[in-house]
Amino acid sequence: ADTIRLPVPPIPLLIAYYLRVEKSQATMSDDEHHDVHFESTDSGASMTFPMQAGNIRKNGFIVIKGRPCKVVDVSTSKTGKHGHAKCNFTALDIFTNKKLEDLQPSSHNCDVPNVKRTEFTLIDISDDGFVSLMTDSGDTKDDLSLPKGTDDLEKLAQQIQADFDEGKEVVVTVLSAMGEEMIASAKSSNN
């Protein structure tokens, strides 16, 4: 009558196993009682994508200090004693036109904003400067105002207002990147 004796794990291991199992079960049951709703207004695409600094060219886009920018100049320095060539970017914020600069090793990844241009037909301009726009599908968009902030944007706003007041059909191009939108250009035609 030989009895088989199984080795008993040390008590601390048993306690750790028990606590881990109990915690995972408690976490699962707690999560089941929460109704979590995610709402998204975009297609789910990321606001930026990575690109190697050495591949970003003039007139391309880059994120500098958290702002989407259009590159106006790129200069690349020679490889130094630590082995990295450096890219010096000079760029303009696409919404504020503010000049920003950044220095990155050419082999490192930089964030590049997903920039989208969409055309809308202008329906109305309110007294407080907000515009009503119509999409190609016939839906209206009422969350944008006339452009402002720089002299060029003020001139664009005045031109849009003047063309609209004259009864011309105005088509505006809305620039969107990283959760921001702005009317970037407009063209008008007589009906």
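Everything here concerns the structure above.
We now turn to the structure provided with this report. (Residues numbered from 1 in each chain as written. Predicted model: local features only at pLDDT ≥ 70, side-chain atom pairs only at ≥ 80, totals over all residues. Heavy atoms only, no water.)

What about a negative patch on the surface?
At step 1: Together, Asp124, Asp127, Asp128 and Asp142 make up a negatively charged patch on the protein surface.
At step 2: In this fold, Asp127 is placed in the loop between strand E7 (116–125) and strand E8 (130–134).
At step 3: Asp127 sits in the exposed class, given a relative accessible area of 87%. (Patch = residues over 30% accessible without salt bridge, like charges linked within 9 Å, V, L, I, M, F, W, Y side chains within 5 Å. Areas by Shrake-Rupley, 256 points an atom, 1.4 Å probe, with all protein chains shown as cover. Salt bridge = Lys/Arg side-chain N within 4 Å of Asp/Glu carboxyl O. Lys, Arg positive; Asp, Glu negative; His and termini not counted. Charge placed at Lys NZ, Arg CZ, Asp CG, Glu CD. Helix = DSSP H or I, 4+ residues; strand = E, 2+ residues; numbered from the N terminus. Buried < 20%, exposed > 50% of the residue type's maximum accessible area, 1.4 Å probe, protein only.)

Thoughts on the pattern of salt bridges
Side chains that differ in charge, positive against negative, can pair when their charged atoms come close.
At step 1: Applying the stated criterion across every chain yields a total of 7 salt bridges.
At step 2: A salt bridge links Lys141 to Asp143, with the shortest nitrogen-to-oxygen separation between them at 3.1 Å.
At step 3: With a relative accessible area of 49%, Asp143 lands in the partly exposed category.
At step 4: Lys168 is the salt-bridge partner of Asp163, the closest N and O atoms lying 3.8 Å from each other.
At step 5: Three or more residues are tied together by salt bridges with common partners; here these are Arg67, Asp93 and Glu180.

Things to note about the sheet that holds strand E2 (residues 61–64)
At step 1: As summarised here, the arrangement of the 4 strands in space is E2-E3-E4-E5, forming an open sheet in which the pairing is antiparallel. The two strands at the open ends of the sheet, each matched to only one other strand, are E2 and strand E5 (99–105). Sheet twist, expressed as the average angle between the axes of neighbouring strands with direction ignored, equals 45°.
At step 2: In this structure, strand E3 (residues 67–76) lies alongside strand E4 (residues 86–93), joined through 7 bridges in antiparallel fashion. Across the sheet, Val71 pairs through a bridge with Ala91, a residue of E4. (Pairing = 2+ DSSP bridges. Axes fitted to C-alpha atoms, helices over the stretch in contact; angles between N-to-C directions.)

Here's the deal with the side chain of Thr90
At step 1: The residue Thr90 is located in strand E4 in this model.
At step 2: What makes Thr90 buried here is its relative accessible area of 12%.
At step 3: When sequence neighbours within four positions are dropped, the list of residues in contact with Thr90 reads Lys70, Val71, Val72, Asp73, Lys99, Leu100 and Glu101. (Contact = heavy atoms within 4.5 Å.)

A closer look at the pairing of E2
At step 1: The pairing of E2 with E3 spans 4 bridges and is antiparallel. For Val63, the partnering residue across the bridge sits in E3 and is Pro68.

Some points on the environment of Phe120
At step 1: Inspection of the secondary structure assignment puts Phe120 in strand E7.
At step 2: Separated by 14 residues in sequence, Phe120 and Met134 place their C-alpha atoms 5.5 Å apart.
At step 3: Sequence-distant contacts of Phe120, that is, excluding residues within four places in its chain, are made with Leu133, Met134, Thr135, Lys141, Val170, Val171, Val172 and Val174.

What about the sheet that holds strand E11 (residues 180–189)?
At step 1: A sheet is described by the order of its strands in space; here 5 strands give the open sequence E9-E8-E7-E10-E11, paired in antiparallel fashion. Only two strands of the sheet have a single partner each, and these edge strands are strand E9 (140–145) and E11. When the angles between neighbouring strand axes are averaged without regard to direction, this sheet yields 40°.
At step 2: Of the pairings in the sheet, the one linking E8 to E9 comprises 4 bridges and is antiparallel in character.

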